[in-house]
Amino acid sequence: MKLICANFKMNLLKNDIINYLNTINEKIPKENVVFFPNELYISYFKDKNYLVGSQNIAHLEHGSLTGETSVLELKEFGISYTIIGHSERREFFNDNKYISKKVELALKNNIKIVLCVGETFEEYNKNQTFEVIKKELNEALSNNINYLNNTNLIIAYEPIWAIGTSKIPTNECIENTISFIKDYLKTEFNLDIKVLYGGSVNNQNIATLEMIKNIDGYLVGGASLDANNFLTLIDNIKN
Ligand code: 13P
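Quick caveat: nothing in here was measured; it's all calculated off a predicted structure. Numbering of residues starts from 1 in each chain and follows the order in which that chain's sequence is written. For this predicted model, a pLDDT threshold of at least 70 governs which residues receive local features, and a threshold of 80 or more governs which side-chain atom pairs are given and counted, while totals over whole chains, interfaces and linings are taken from all residues. The basis for every side-chain value is the complete set of heavy atoms in the structure, and neither hydrogens nor water enter the calculation.

Asker: Is there a simple way to explain the pattern of salt bridges in this structure?
Answerer: Pairs can form between side chains of opposite charge once their charged atoms are near each other. Note on definitions: salt bridges are taken to be side-chain nitrogens of Lys or Arg within 4 Å of carboxyl oxygens of Asp or Glu. All told, the structure shown has 13 salt bridges when counted by the stated rule. Between Lys-30 and Glu-26 there is a salt bridge, and its shortest N-O distance comes to 2.5 Å. Arg-89 is paired through a salt bridge with Asp-95; the nearest N and O atoms lie 3.1 Å apart. Here Arg-89 and Asp-95 have matching classes, each one buried. What you see here is one network of salt bridges that share partners, running through Lys-2, Glu-210 and Lys-238. Exposure is judged per residue with a 1.4 Å probe applied to protein chains only, and the accessible area is read against the type maximum: over 50% gives exposed, under 20% gives buried, and values in between give partly exposed.

This is the structure we're talking about:
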């Protein structure tokens, strides 16, 4: 069954969330769709028994980290997933430095990780995609190999240049990159891991993306923000 993750980022206010939940009104499957709203609204989704995750966790379990939220605090509100290493966090919050520690804390607390990896447009043009991803995987996983298994880690391949731009790589390119990630995780870490694609997934391109054979699901940003739009997207995804 494909995994579909809805990353709301810093969008939708309280009333929008209430309306969203009324619109989806139990029409969204509860076993393979995960919502990542702003953490203030995690409980709204949890109360309706949807799968829910956080967009980030702090790199410490508790302590003096003003403005951050610990995995322990998020767990109390019912998250079962967390995104780690989103390019926006890598760019604006210096997350590269903390990814290994965040992965460790999520794994120790039985929270499934959606680990984002992907290249800039410049790196893509220089054919450095695999090199960049390899480095990101090593940085996140090398110190955590003892805790990893085939189900507590999911990789999201998100080319940075495809996020919010309506530009996406060709199917061939996505398929090759997903194969590379799966092969690398198998040979280096002995893991069989699901790989999602993220970056401008929408109702216009989903039929094309669905032709990719090795894709295990999607990490959706903008196209998940409107409930009806997201319902249509889910209907267009074959399991
Ligand atoms: P968009 O779907 O808006 O391009 O965002 C992708 C993303 O960053 C999901 O995490």
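Asker: For this particular structure, what's the right way to read the pairing of strand S7 (residues 194-198)?
Answerer: Most of S7 is tucked away: four of the five residues are buried. Pairing between two strands requires that DSSP report at least two bridges joining them. Secondary structure elements follow DSSP: runs of H or I of four or more residues count as helices, runs of E of two or more count as strands, with numbering from the N terminus. One ladder, built from four bridges, connects strand S6 (residues 153-157) with S7; its direction is parallel. Bridge assignment links Ile-155 to a residue of S7, and that residue is Val-195. Consider the strands pointing away from the viewer: the crossover is right-handed when the path from the first strand over the helix to the second runs clockwise. With helix H8 (residues 171-189) bridging S6 and the parallel S7, this β-α-β connection has right-handed handedness. Bridging between S7 and strand S8 (residues 217-220) involves two bridges; their strand directions are parallel.

Asker: I would appreciate a short explanation of the packing of aromatic side chains in the present structure.
Answerer: One pair of aromatic rings is described through two measures. These are the centre distance and the angle between the planes. Centres within 6.5 Å are what make two rings of Phe, Tyr or Trp a pair, Trp counting through its six-membered ring; a difference in plane orientation under 30 degrees is then read as stacked, over 60 as edge-to-face, and the rest as tilted. Tallying each qualifying case throughout the model produces 17 aromatic pairs. Pairing Phe-35 with Tyr-50 gives two aromatic rings, centres 5.5 Å apart and planes at 80 degrees, and the pair type is edge-to-face. Of this pair, Phe-35 sits in strand S2 (residues 33-36) while Tyr-50 is found in the loop between helix H2 (42-47) and strand S3 (51-54), placing the two residues 15 residues apart along the sequence. Here Phe-35 falls in the buried class, since its relative accessible area comes to 0%. Measuring from centroid to centroid gives 6.2 Å for Tyr-157 and Tyr-197, while their planes differ by 65 degrees, and the two rings are edge-to-face. Within this pair, whereas Tyr-157 is found in strand S6, its partner Tyr-197 is found in strand S7, the two being separated by 40 residues in sequence. Members of the aromatic cluster, each reached through a chain of ring pairs, are Phe-8, Tyr-20, Phe-35, Phe-45, Tyr-50 and Phe-230. Distance and angle both matter: a charge sits over a ring if NZ of Lys or CZ of Arg is within 6 Å of the ring centre and within 35 degrees of the ring normal. Of note, Lys-167 hangs over the ring of Phe-121, and the distance from its end group to the ring centre comes to 5.2 Å.

Asker: What is the right way to read the packing of helix H5 (residues 99-108) against helix H7 (residues 129-141) from this model?
Answerer: In a packed pair of helices, the relevant descriptors are the angle between the two axes and the axis-to-axis distance. At a minimum axis distance of 7 Å, the contact between H5 and H7 shows a crossing angle of 55 degrees. Here H5 lies oblique to H7, going by the angle between them. Contact with H5, carried on its side by Ile-99, Ser-100 and Val-103, involves Glu-139, Ala-140 and Leu-141 of H7 and no other residues of that element. Within the contact of H5 with H7, the residues separate by chemical class into four nonpolar, one polar and one charged. A fitted line through C-alpha atoms represents every axis, and for helices the fit uses only the stretch in contact; the resulting angles, taken between N-to-C directions, go from 0 to 180 degrees. Angle categories: roughly parallel below 35 degrees, roughly antiparallel above 145, roughly perpendicular from 65 to 115, and oblique for all the rest. Note on contacts: a residue pair is in contact if any heavy atoms of the two residues lie within 4.5 Å. The residue classification treats Ala, Val, Leu, Ile, Met, Phe, Trp, Tyr, Cys and Pro as nonpolar and Asp, Glu, Lys and Arg as charged. All others, Gly included, are polar.

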